[in-house]
Amino acid sequence: MLTFDNRFVRELPGDPLESNERRQVLGAAWSAVRPTAVAKPTLLAHAREVAELVGFGPSDHESQRFAEVFGGNALLTGMQPYAMCYGGHQFGNWAGQLGDGRAMSLGEVVNARGERWELQLKGAGPTPYSRTADGRAVLRSSIREFLCSEAMHHLGVPTTRALSVVTTGEPVLRDMFYDGNPQLEPGAVVCRVAPSFIRFGNFEIATARGDESLLRQLADFTIARDFPQIDAADPMRYARWFHEVCTRTATMIVHWMRVGFVHGVMNTDNMSVLGLTIDYGPYGFLDDFDPHWTPNTTDAGGRRYRYANQPAIAQWNLERFADALRPLFSDIEPLREGLGAYVERFNAEYRAMLAAKFGFPDFDAAHESLAQEGLAWLNEVEGDYTLFFRALSDWQGEIPTDDAAAVAALGDMFYAPTKRDAQTAAVAAWLRRWQAARFAPSVDVAATRAAMQRANPRFVPRNYLAQQAIDAATAGDASVLHALLDTLRRPYDAQPGREAFAAKRPDWARHKAGCSMLSCSS
Ligand code: AMP
Ligand code: MG
């Protein structure tokens, strides 16, 4: 038995209409909806930690009822499904009302520890916010969201979680390459779990419509439910809250940079006020270190959401959030201050993060230039981001005096052997300087190595690995997905025998759809 306490729908105004007819929803934060039943809900995978978190027993997922509930064919007592109204800036432009077009929250569970976890289906059918689309999701994108949510959690990155992936037994029509060749693909429903799914866009839509009353209700609600450390009676509460959203966002982005994650669609409707990574679409992890890389083909032209641009885009998004909150402030100074806090927090944590990745005791000017030179040659030789830092973390003993031997000791992490060969002397010289900087005479070698291993994962859900799990699952074999998820539970451990999940991207995956490029079609 799960205990529901649905504060969002209880405390905030809802849409009086109850149909799925597409419409502009004014004066309301949500619309009541119902999942649309599917032909054959079948549980493909679940995360046992998340099941435990929301209060399920260890074998509850085995019942057909579990698949029916999380495939959208049944509701548990206490569930009150709703879709949220929000807007957003997409690729830099105001897009008006967006809303949960294929997501619907089932309700807020309060677990035995008193924690609040909202359950949300994605792909369970149309809502008033579906615009011209079908409210469904394909299996490939559902597996990717499920897998990455959990992988990010285990990597220590703030994120929404995922309880389950249920296949629907129904096909979904998608034009994966936007080239006029739509195909039928298997459909699925993911259940996502987070303390809150409120986004910057929830506030933006209220302000864009001049609805200050809704804006204030949303802000007061968010502070009361999701930021209990802020006193609801404090006259500075909105300032404190904005400051907190800014600093949490900075921390999240530093983690993304650390693990080589590229979100791909950092629109303001995909920014959580809790500073959680949310809405996994055409995301990716860096293979070769290319700061300009984006996994999203839809963004290939401007590369707005490329790896290196994420810190600046988060700041831009916070500025749009500040614009939305403006009516709550008589004086804009606290908004400026919050944006300043983002920059300050980001810079401090980014430096600490790089120091941790390289194993430097601090980050003085010499460390900083060594780090920059290291990343510059890594880019130049097309070296693998994850494998490079892991090789540094695992390094035992001295750097070989022979240049070729020193570079060879980095292992199989190069995508362009000719470029590597051209840089051998420079890379070996850099490694010697790195070793000297890392192992200052006073340093505890074993402790430094262990700390580096905690900053530098061995396993990340590379696109090609996710694609292999998808291909197998599509053919009816979920074992690859299960093995990959299991490996990603301990991304910082060596896990002997799991080498295949740590390997650099194979050549066949370089230009394969799903492995190097992804569209928003999902
Ligand atoms: P995203 O790019 O996934 O963040 O989605 C942007 C907007 O499009 C959100 O309002 C989504 O709910 C909506 N959307 C995306 N795909 C679908 C779909 N298949 N059916 C209905 N709405 C969708
Ligand atoms: Mg979205």
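Conventions used here
- Chains are numbered independently. Their residues run from 1 in the order of the written sequence.
- Labels are handed out in written order, letters beginning with A for the chains and numbers beginning with 1 for the ligands.
- Two thresholds apply to this predicted model, a pLDDT of at least 70 for residue-level local features and 80 or more for giving and counting side-chain atom pairs, whereas whole-chain, interface and lining totals are computed over all residues.
- Side-chain descriptors were evaluated using all non-hydrogen atoms of the structure, hydrogens and water having been removed beforehand.
- Helix and strand definitions follow DSSP, with helices as H or I runs of at least four residues and strands as E runs of at least two, each counted in order from the N terminus.
- It is over C-alpha atoms that the radius of gyration is taken, and the globule rule equals 2.2 Å times the number of residues to the power 0.38.
- Partly exposed residues are those whose accessible area sits between 20% and 50% of the maximum for their type, while under 20% is buried and over 50% is exposed, using a 1.4 Å probe and protein chains only.
- Contacts: residue pairs with any heavy atoms within 4.5 Å of one another.
- For every accessible area listed, the method is Shrake-Rupley and the probe measures 1.4 Å; residues are considered covered only by the protein chains on display.
- What makes a residue near a molecule or strand is one non-hydrogen atom of that residue sitting within 4 Å of it.
- Nitrogen and oxygen atoms within 3.5 Å of one another constitute a polar contact, given that in protein one can donate a hydrogen and the other can accept it, and given that sequence-neighbouring residues count only through two side-chain atoms.
- Residue classes follow a fixed rule: Ala, Val, Leu, Ile, Met, Phe, Trp, Tyr, Cys and Pro count as nonpolar, while Asp, Glu, Lys and Arg count as charged, and any other residue, Gly among them, counts as polar.
- Boundaries between domains were set according to an automatic or database domain assignment.
- Only N, O and S atoms count as donors, using a 2.8 Å cut-off from the metal and 3.2 Å for Na, K and Ca, and because water is excluded some sites may appear unfinished.
- Only buried Ala, Val, Leu, Ile, Met, Phe, Trp, Tyr and Cys residues count toward a nonpolar core, and they belong to the same one when joined by side-chain atoms within 4.5 Å.
- For this document, the term salt bridge refers to a Lys or Arg side-chain nitrogen within 4 Å of an Asp or Glu carboxyl oxygen.
- A strand pair is defined by DSSP finding two or more bridges across the two strands.
- Buried area counts how much accessible surface, traced with a 1.4 Å probe, disappears from two parts once they are put together, with both parts' losses summed.
- The length a helix should cover is 1.5 Å for every residue beyond the first.
- Lines fitted to the C-alpha atoms define the axes, with helices restricted to the stretch that makes contact. Angles between their N-to-C directions range from 0 to 180 degrees.
- These descriptions rest on fixed angle ranges, namely under 35 degrees for roughly parallel, over 145 for roughly antiparallel, 65 to 115 for roughly perpendicular, and the rest for oblique.
- Take the far helix as the reference: if the near one is turned anticlockwise from it by less than a right angle, the crossing is left-handed, and if turned clockwise, right-handed.
- A residue counts as positive if it is Lys or Arg and as negative if it is Asp or Glu; His and the chain ends are not included.

### Let's talk about the overall build of the chain
- On a plain count of helices and strands, the chain comes out with 17 helices and eleven strands.
- For 522 residues, the compact-globule estimate of 2.2 N^0.38 gives 24 Å, and the C-alpha radius of gyration of the chain, at 23 Å, lies within 12% of that figure.
- For the chain, the C-alpha atoms occupy an extent of roughly 75 × 60 × 50 Å along the three principal directions.
- Each of the 522 residues in the chain was classed as buried or not, and the buried ones make up 58%.
- Contacts spanning at least 24 positions in sequence make up 73% of the contacts within the chain whose residues lie at least 6 apart.
- Surface summary for the chain: the accessible area is close to 20,000 Å², and the carbon and sulfur share equals 53%.

### Comments concerning the site of ligand 1
- Lining the immediate environment of ligand 1, one finds 16 residues, of which Gly99, Gly101, Arg131, Gly135 and Asn270 sit closest.
- Within the side chain of Arg102, an N or O atom sits 3.2 Å from a nitrogen atom of ligand 1.
- Contact with the protein chains removes 82% of the 480 Å² of surface that ligand 1 exposes when unbound.
- A breakdown of the residues in the shell around ligand 1 according to their chemical character gives two nonpolar, six polar and eight charged.
- Counting contributing residues per domain, the shell around ligand 1 is built from domain 1 (7-197) and domain 2 (210-356), each supplying no fewer than three.

### Considerations on the coordination of the magnesium ion (ligand 2)
- In the first shell of the magnesium ion (ligand 2), the protein supplies Asn270 (OD1) and Asp279 (OD), at 2.0 to 2.2 Å from the metal.
- For Asn270, a relative accessible area of 10% translates into the label buried.

### A closer look at the nonpolar core
- In this structure, Phe203, Trp241, Phe358 and Leu410 are the most contacted members of the largest nonpolar core, which totals 104 residues.
- Counting residues per element, this core draws most heavily on helix α7 (residues 237-259), at 13 residues.
- Setting aside chain neighbours within four positions, we find Trp241 in contact with Phe203, Ala219, Thr222, Ile223, Phe227, Ile230, Val273, Phe321 and Leu325.
- Formed by 59 residues, the second largest nonpolar core is a distinct cluster that contains Ala151, Cys191, Val193 and Tyr464.

### A look at the side chain of Thr277
- Its location among the elements puts Thr277 in the loop between β10 (261-262) and β11 (284-285).
- At 2.7 Å, the side chain of Thr277 and the backbone oxygen of Pro158 are in polar contact.
- Not counting the four nearest positions on each side in its chain, Thr277 is found in contact with Met152, Val157, Pro158, Thr159, Thr160, Met252, Trp256, Phe261 and His263.

### Topic: the pattern of salt bridges
- Per the stated rule, a full pass over the model turns up 42 salt bridges.
- The partner of Arg116 in a salt bridge is Asp5, and the shortest N-O contact between them spans 2.8 Å. Of the two residues, Arg116 is situated in strand β7 (residues 116-122) and Asp5 in the segment before α1 (7-11); the sequence distance between them amounts to 111 residues.
- Among the ionic pairs, Glu373 bridges to Arg433, the shortest N-O distance being 2.8 Å. Here the residue Glu373 occupies a position in helix α10 (residues 365-380), and Arg433 occupies one in helix α14 (residues 424-438), the gap between them amounting to 60 residues.
- Judged by its relative accessible area of 33%, Glu373 falls in the partly exposed class.

### Quick word on the pairing of strand β8 (residues 161-174)
- Along β8, ten of the 14 residues are buried, which leaves the element largely enclosed by surrounding structure.
- Of the pairings in the sheet, the one linking strand β2 (residues 42-46) to β8 comprises four bridges and is antiparallel in character. Bridging from a neighbouring strand, Leu43 pairs with Val166 of β8.
- Here β8 runs beside strand β9 (residues 183-194); their pairing, made up of ten bridges, is antiparallel.

### Considering the domain arrangement of the chain
- Segmenting the chain into domains produces domain 1 (7-197), domain 2 (210-356) and domain 3 (359-522).
- Domain 2 and domain 3 are separated by 27 Å when their C-alpha centres are compared.
- On the domain 3 side, the residues contacting the 25 residues of domain 2 number 30 residues.
- At the boundary of domain 2 with domain 3, total buried surface from both sides reaches about 2,400 Å², with 54% on carbon and sulfur atoms.
- Joining domain 2 to domain 3, the criterion identifies four salt bridges.
- Residue Arg351 is joined to Glu368 by a salt bridge in which the shortest nitrogen-to-oxygen separation is 3.0 Å.
- In this structure, the connection of domain 2 to domain 3 is made through 18 residue pairs in polar contact (both at pLDDT 80 or more).

### With respect to α14
- The terminal C-alpha atoms of α14 lie 21 Å apart, and with 15 residues this matches the ideal 21 Å at 1.5 Å per residue to within 8%.
- The set of residues buried in α14 consists of Thr424, Val427, Ala428, Trp430, Leu431, Trp434, Gln435, Ala437 and Arg438.
- Lining the buried residues of α14 we find α9 (333-358), α10, α11 (385-394), α12 (403-408), α13 (417-422) and α15 (445-455).

### So, the environment of Arg199
- For Arg199, the position within the fold is in the loop between β9 and α5 (200-208).
- By relative accessible area, which is 1% here, Arg199 ends up buried.
- For the pair Arg199 and Thr268, spaced 69 residues apart in sequence, the C-alpha separation works out to 7.4 Å.
- Contact partners of Arg199, with chain neighbours within four places excluded, come to Tyr86, Asp100, Gln120, Arg192, Thr268, Asp269, Asn270, Met271, Ser272, Val273, Ile278 and Asp279.
- Reaching out from Arg199, the side chain makes a polar contact with the backbone oxygen of Phe197 at a distance of 3.4 Å.

### Points about the packing of helix α4 (residues 139-155) against helix α16 (residues 463-474)
- Contact geometry of α4 with α16 gives a least axis separation of 10 Å together with a crossing angle of 130 degrees. With respect to α16, the axis of α4 lies oblique. Considering the relative orientation of α4 and α16, their crossing is right-handed. Of the residues in α16, those in contact with Leu139, Arg140, Ile143, Arg144 and Leu147 of α4 are Asn463, Ala466, Ile470, Ala473 and Thr474.
- For the contact of α4 with α16, the per-class residue count stands at six nonpolar, two polar and two charged.

### Quick notes on the side chain of Arg438
- Note that Arg438 resides in helix α14.
- Here Arg438 is buried and forms no salt bridge, its nearest opposite-charge partner Glu398 lying at an N-O distance of 8.5 Å.
- Among residues more than four places away in sequence, those in contact with Arg438 are Phe358, Gly359, Phe360, Pro361, Leu392, Trp395, Val443, Thr448 and Met452.

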